[in-house]
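Structural overview
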Amino acid sequence: MGMMTTLKGRRALIAHGKGDMEKARTLYDEAYDEGIDQPRILLPYSILLIRSGEYEKAKEVLKRAEKAGGLAPDQRMQLLANYAIASWKTGRLEYAIDLLKED
């Protein structure tokens, strides 16, 4: 992952913040395909995917964020909540509940 990938991720965050979901999605997809592994970019990307109904892709993105490490406590909580939502929406309600009980 290079500097240009990181810049795409940042541009995706800005577009997402401004409500330009189409541009954000394109930039997130490109950055993800190029190997971005920064939780501060992957977590908002997962939210966009969940809102789009792409639960399996969201779980894939969240797994990458978790593997990257260095999650702040609030990021870990967001990751678990997002993963629980995606799991629930794919029919794994009990697993989703268990995730939300984690410390």
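Residues numbered from 1 in each chain as written. Predicted model: local features only at pLDDT ≥ 70, side-chain atom pairs only at ≥ 80, totals over all residues. Heavy atoms only, no water.

Concerning the nonpolar core
With 27 residues, the main nonpolar core has Tyr 28, Leu 42, Tyr 45 and Val 61 as its most contacted residues. Of all the secondary structure elements, the ones that give two or more residues to this core are helix H1 (3–17), helix H2 (21–33), helix H3 (39–51), helix H4 (55–68), helix H5 (73–89) and helix H6 (93–101). Looking at this core element by element, the count peaks at seven residues for H3. Among residues more than four places away in sequence, those in contact with Val 61 are Tyr 32, Leu 42, Tyr 45, Ser 46 and Leu 49. (Core = buried A, V, L, I, M, F, W, Y, C linked by side-chain atoms within 4.5 Å. Buried < 20%, exposed > 50% of the residue type's maximum accessible area, 1.4 Å probe, protein only. Helix = DSSP H or I, 4+ residues; strand = E, 2+ residues; numbered from the N terminus. Contact = heavy atoms within 4.5 Å.)

Section: H5
An α-helical turn contains 3.6 residues, so a residue and the one three or four places further along point in the same direction. Compared with the 24 Å implied by 1.5 Å per residue over 17 residues, the 24 Å span of H5 between its first and last C-alpha is a close match. For H5, every residue scored as buried is listed here: Gln 75, Leu 79, Leu 80, Asn 82, Tyr 83, Ala 84, Ala 86 and Ser 87. Those residues of H5 that are buried are in contact with H3, H4 and H6. Gly 91, located one to two residues past H5, shows a positive phi value of around 90°. (Expected span 1.5 Å × (residues − 1).)

Remember, this is a structural readout, not a statement about activity or role.
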